[in-house]
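# Close look at the chain arrangement
One-letter residues, chain by chain:
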Amino acid sequence: MTLFSPIKDPPVLGNPINPEDDLNAGAVDENEVADAPDAPDRKVKSPDDKIEEIRQRNPTFADAAEGFLNFARERGVSDAYVKSGFRTAERQNYLHRNGFPTKGNDGYKKISPHQQARAIDWSTKDPANRKRMQGLLAAYARKHGLRIPVDEPWHLSGPPPAGVEPSSRLNMRVDAESAPENDLDAGAISDAEPSSNR
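As a starting point, this report considers the structure included with it. Please read these numbers as outputs of a predicted model, since none were measured by experiment. (Residues numbered from 1 in each chain as written. Predicted model: local features only at pLDDT ≥ 70, side-chain atom pairs only at ≥ 80, totals over all residues. Heavy atoms only, no water.)

As a further point, take the packing of aromatic side chains. Following the criterion strictly, the structure yields three aromatic pairs and no others. Plain terms: the ring middles of Phe68 and Trp122 are 4.9 Å apart, the flat faces sit at 65° to each other, and that makes the pair edge-to-face. Note that Phe68 is positioned in helix α3 (residues 59-74) and Trp122 in strand β2 (residues 119-124), a separation of 54 residues in sequence. Taken as a pair, Phe68 and Trp122 share a single burial class, namely buried. Between the aromatic rings of Phe71 and Tyr140, the centroid separation amounts to 5.3 Å while the plane-to-plane angle is 55°, which identifies the pairing as tilted. Taken together, the residues span a long stretch of sequence, with Phe71 in helix α3 and Tyr140 in helix α5 (residues 130-144) at a distance of 69 residues. Given the relative accessible area of 10%, Phe71 is considered buried. For Tyr140, a relative accessible area of 5% corresponds to the buried category. Put simply, the rings of Phe68, Phe71, Trp122 and Tyr140 touch in pairs and so form one group of aromatic residues. Here the guanidinium or amino end of Arg57 rests over the ring plane of Phe86, the centre of that ring lying 3.8 Å away. (Phe/Tyr/Trp six-rings, centres within 6.5 Å; stacked < 30°, edge-to-face > 60°. Helix = DSSP H or I, 4+ residues; strand = E, 2+ residues; numbered from the N terminus. Buried < 20%, exposed > 50% of the residue type's maximum accessible area, 1.4 Å probe, protein only. Lys NZ or Arg CZ within 6 Å of the ring centre and 35° of its normal.)

This is the structure in structure tokens:
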């Protein structure tokens, strides 16, 4: 059974009339992507496989992920699971090229914290539990020094593995390298130029 078919236009995620109907509208479900014929790394993975994949690269963050699962279960959200974990550069690029929300991280020039095994997108099997799970995720993140972007309440990120520079710092350098040196390099017209050149 195919859950995902290759797309040409960006996917419509969530309910456009009432976005509260899908509180994980922007989170990529890697198992849906794995079913696409041209997707890299097509193996469907269990949530445990996804945590193990992170553990191989960033054991500290994998421990934090397991800690959140226990934290959520102890507070009545027993159906929380890893929707998206570690991503290879190829998978990140596939998502970027096929219209999935990647915040401009193409996997090569700009990398995602998922590629550093330091980010997880969480969800719940029962949509009614998602808002509660996201509240618990925020509490857990605060308690353990982890981060959740304001615009992605399902996305938990932590520090990269030892000796690895965070993707956010690497991406800032890429942005700075591609920025013009001054306004004139960007094609802006200087006030010093005669008005006939404008």
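Structure's up, so let's keep going.
Another aspect to go through is the environment of Asn98. Its location among the elements puts Asn98 in the loop between α4 (89-97) and β2. Given the relative accessible area of 10%, Asn98 is considered buried. Within the structure, Asn98 has its side chain in polar contact with the backbone oxygen of Tyr94 (distance 2.9 Å). (Polar contact = N/O pair within 3.5 Å; in protein donor to acceptor, adjacent residues only side chain to side chain.)

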